[in-house]
Amino acid sequence: FFFSNQRRASVFCSGSGGRGCVLTGAWRGRKTWQRNAIIALGNRRDPAAVPPLRRVLLGDRRPELRATAAWALGRIGGAAAREALREAREREGDPTVREAIARALALGPQDGGPAAQK
């Protein structure tokens, strides 16, 4: 899977084999592109996207992107996604992001989220 805005931002997800996904680019105010890339990763539901989404959730300064990363991790599910969401829940101060984390952790089997893999 490859996504690019042809200028500054791209997402590359390799197939199986542990190579994973990489968010690249000089975003410079391109929050919309970065948000769309995060949404694409969530919709793809590839566990290889968990590490870069975890970095956004735990380290990005923008609450909108952290909330979107929480949603994407919820869509992907699995132990690593749940762990990232739980870690973020303990550290997050923004109420909007905390709500997104709670919703992501509560996703059920019909949604393919973390609750589906209990």
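Check the entry above for the structure.
Right, let's walk through the structure included here. (Residues numbered from 1 in each chain as written. Predicted model: local features only at pLDDT ≥ 70, side-chain atom pairs only at ≥ 80, totals over all residues. Heavy atoms only, no water.)

Looking at the secondary structure, you find Glu-87 in helix α4 (residues 79–91). Remark: the alpha-carbon pair of Glu-87 and Leu-58, spanning 29 residues in sequence, is separated by 8.2 Å. (Helix = DSSP H or I, 4+ residues; strand = E, 2+ residues; numbered from the N terminus.)

Side chains of a nonpolar character, in soluble globular proteins, are inclined to be buried together. Membership of the largest hydrophobic core comes to 24 residues, with the highest contact counts inside it found for Ile-38, Leu-53, Leu-57, Leu-73, Leu-85 and Ile-101. Within the residue set of this core, elements represented by two or more residues are α1 (31–44), α2 (50–59), α3 (63–76), α4 and α5 (95–106). The biggest single contributor to this core is α3, with seven residues. Non-local contacts of Leu-53, meaning those with residues more than four positions away in its chain, are made with Ile-38, Leu-41, Ala-69, Ala-72, Leu-73 and Ile-76. (Core = buried A, V, L, I, M, F, W, Y, C linked by side-chain atoms within 4.5 Å. Buried < 20%, exposed > 50% of the residue type's maximum accessible area, 1.4 Å probe, protein only. Contact = heavy atoms within 4.5 Å.)

So, about the pattern of salt bridges. For side chains of opposite charge, pairing can occur when their charged atoms come near one another. Across all of its chains, the model carries five salt bridges by this definition. For Arg-54, the salt bridge identified is with Glu-87, shortest N-O distance 2.6 Å. In this pair, Arg-54 is assigned in helix α2 and Glu-87 in helix α4, connecting sequence segments 33 residues apart. (Salt bridge = Lys/Arg side-chain N within 4 Å of Asp/Glu carboxyl O.)

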